[in-house]
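Residue-level listing of the chains:
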Amino acid sequence: MPSVDTASAILSSLDTLGVTHVLYCPGSRSAPFAYALEAGSFSGDARPILDERGAGFAAVGLARTGALPAIVVTSGTAVAELAPAVLEASHARLPLLVVSADRPGELRGVGASQATHQSGFFGMHVRASIDLEPQEASPSLVGHLARAVAAACGALSGTPGPVQINVAFRDPLTPVRPASDSGDEVRASFVPRPTRVMGAPAVPARWEDVVGPAVAGLIVAGEGASPRAREWSEASGFPLLAEPASGAWRGGGVTPFEQSLVSSPLGREVDAVVVTGRPTLSRPIQALLACPGVRVVVVDAHAPWVDISGNASVVVADLEPARELIRAAQAEWASRVREAARDADERIESLLASGSGRTMLDLARSVAASTSGPLVLGASNPVRAFDLAVPTLEGRIVHSNRGQAGIDGTVATAVGICMGSGYAGEASAPAGESVTAVMGDLTACHDASSLALAASVDAHLDIIVADDQGGGIFATLEHGRAASAEAYDRWFGLAQSVDYEALAAAYGVAFARADAPRELESLLAHPANGPRLIHAPVERAAHLYPAVRDVLS
């Protein structure tokens with residue numbers, strides 16, 4: 001079976017199965033897919049991307065917007081370059097397909113160039129790993145692909161995540177002459193008719209059966225939280241606390257400053273918590289969920305559910321809103337929590353006003369106040385700064401790679417979000433809006449090559465490099481106290497000497513500099529038409545993080 005025909009059959013089947021984007025990384029063994037794409041075997045959005053690692057995180061960004069992307073790579077180390085993105089997608093429960101071209105079996109383990117054991121390379125980090133040999137389009141082939149897509153999407157009742165489809169190609173890797181040219185009879189083309197795999201709906205449990213009465217209840221929303229979180233809060237009177245990237249802010253009804261509230265004396269009164277999504281951002285929240293005197297109800301339709309301390313009282317796939325009227329005691333508690341949040345806002349504003357105004361916390365407040373489009377937050381300091389100091393993200397779409405909480409691929413993820421949500425090329429993004437990505441200097445340097453990807457897709461993207469001269473996140477942790485200043489800078493800080501204006505120019509990206517958050521607000525009021533790198537120096541000010549967290553103590 002000619003390899004290009006196999007590639008065409010795979011792409012047309014994936015098209016029919018609902019794959020929305022194909023990100024193709026060039027190579028020789030993967031070339032059959034290039035010829036098939038050029039011939040129109042895939043009707044969705046298909047584009048070439050030079051760097052596999054960037055393509056992997058662009059796919060993560062696309063998946064975060066609800067798209068179903070496939071990354072096509074050649075054999076050898078190209079597959080290994082996708083490992084960080086596969087881990088992020090696995091832990092964040094994001095559906096994507098890795099289509100890896102491979103050498104045929106006879107060329108593995110014999111010293112052939114660019115050959116390795118890549119089948120099953122991702123191990124337990126993928127929902128399924130499928131091996132395909134060159135074959136004609138057939139119900140059997142489409143059946144394998146239908147299973148792969150179902151596994152990626154979490155059907156029947158599994159957890160969404162990445163899936164590997166490993167395809168062994170034999171020579172020739174180029175198109176062969178059509179049979180009609182040699183006088184042979186041309187067979188009718190095969191039309192894929194894939195199996196439609198339906199997800200099993202979770203049966204919601206009754207609130208009164210699993211939560212029970214509470215005087216001081218909270219709802220805590222982490223990444224991937226249920227869209228019903230606000231409904232639960234309104235029906236029960238439990239205040240809703242939410243991490244920036246939980247998705248809960250988009251629906252509104254969130255009480256801000258979760259870390260300050262939980263760290264205050266109010267936190268010691270909590271007797272019940274309903275947890276949805278993966279709250280992994282703050283130690284005060286984790287301490288609350290580990291408290292033996294708190295009834296913890298975990299709402300999660302997938303395994304493994306989040307219960308780091310093993311303190312959960314009950315785990316349910318879904319939850320009905322409370323049916324009983326909100327009792328006076330719970331209403332009074334909710335009022336006290338809201339009043340404490342207003343108090344925290346005033347104290348945090350006063351605390352920051354007494355400083356230099358040039359910290360990551362100041363920057364977070366300025367970005368939140370001066371932008372309206374989707375936000376992409378670096379997984380270390382930026383997302384924590386927004387969680388600690390921003391009074392509202394009401395109605396906002398916020399993304400952060402908190403599945404593994406790494407700094408890998410943050411620029412590429414932001415580009416993928418642009419592509420998946422209408423902020424790239426000639427797409428009709430809302431007037432005067434762009435995607436805004438906030439990341440530290442090490443995060444930006446780690447993924448600098450993805451600036452080329454941003455330029456190539458004409459992403460309407462402001463990339464704010466909050467430059468605190470290295471790994472400022474560690475200064476807010478115990479390492480900032482344990483290491484000497486010299487040791488800290490050597491082993492944790494790793495400040496990079498980078499000319500960001502020259503870096504932007506090298507990749508054809510616009511550049512601006514904001515020496516203070518107020519200057520940044522002025523820049524953000526006029527989004528660039530295309531990608532723009534904004535260098536924003538900030539002070540580490542590690543002492544402010546615990547001060548803000550404990551502002552109500």
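Cut-offs applied
- Residues numbered from 1 in each chain as written.
- Predicted model: local features only at pLDDT ≥ 70, side-chain atom pairs only at ≥ 80, totals over all residues.
- Heavy atoms only, no water.
- Helix = DSSP H or I, 4+ residues; strand = E, 2+ residues; numbered from the N terminus.
- Buried < 20%, exposed > 50% of the residue type's maximum accessible area, 1.4 Å probe, protein only.
- Domains from an automatic or database assignment.
- Contact = heavy atoms within 4.5 Å.
- Buried area = accessible area lost by both parts, 1.4 Å probe.
- Salt bridge = Lys/Arg side-chain N within 4 Å of Asp/Glu carboxyl O.
- Polar contact = N/O pair within 3.5 Å; in protein donor to acceptor, adjacent residues only side chain to side chain.
- Pairing = 2+ DSSP bridges.
- Axes fitted to C-alpha atoms, helices over the stretch in contact; angles between N-to-C directions.

### A word on the side chain of Ser450
Stage number 1. You can see Ser450 is positioned in the loop between helix 16 (441–446) and helix 17 (451–456).
Stage number 2. The exposure class of Ser450 is buried, given its relative accessible area of 3%.

### Some details on the domain arrangement of the chain
Stage number 1. Its domain assignment divides the chain into domain 1 (3–168), domain 2 (207–339) and domain 3 (355–550).
Stage number 2. Taking only C-alpha atoms, the centre of domain 1 and the centre of domain 2 are 38 Å apart.
Stage number 3. Listed as interface residues are seven residues of domain 1 and, on the opposing side, seven residues of domain 2.
Stage number 4. In this assembly, domain 1 packs against domain 2 so that about 510 Å² is buried in total across both faces, 31% of it on carbon and sulfur atoms.
Stage number 5. On the domain 1 side of the interface with domain 2, the three residues burying the most area are His91, Arg93 and Thr159, jointly 70% of the side's total.
Stage number 6. Where domain 1 touches domain 2, the interface holds two salt bridges.
Stage number 7. The partner of Arg93 in a salt bridge is Asp300, with the nearest N and O atoms 2.9 Å apart.
Stage number 8. For the pair domain 1 and domain 2, the number of links is three residue pairs in polar contact (both at pLDDT 80 or more).

### Considering the sheet that holds strand 8 (residues 217–221)
Stage number 1. Strand order in the open sheet formed by five strands is 9-8-10-11-12, and the pairing between neighbours is parallel. Looking along the sheet, the strands with just one partner apiece sit at the ends: strand 9 (240–242) and strand 12 (314–316). On average, each strand axis in the sheet is inclined to that of its neighbour by 20°, with strand direction left out of account.
Stage number 2. Relative to strand 10 (residues 272–276), strand 8 runs parallel, the two being bridged by five bridges. Paired with Val220 across the bridge in strand 10 is Val275.

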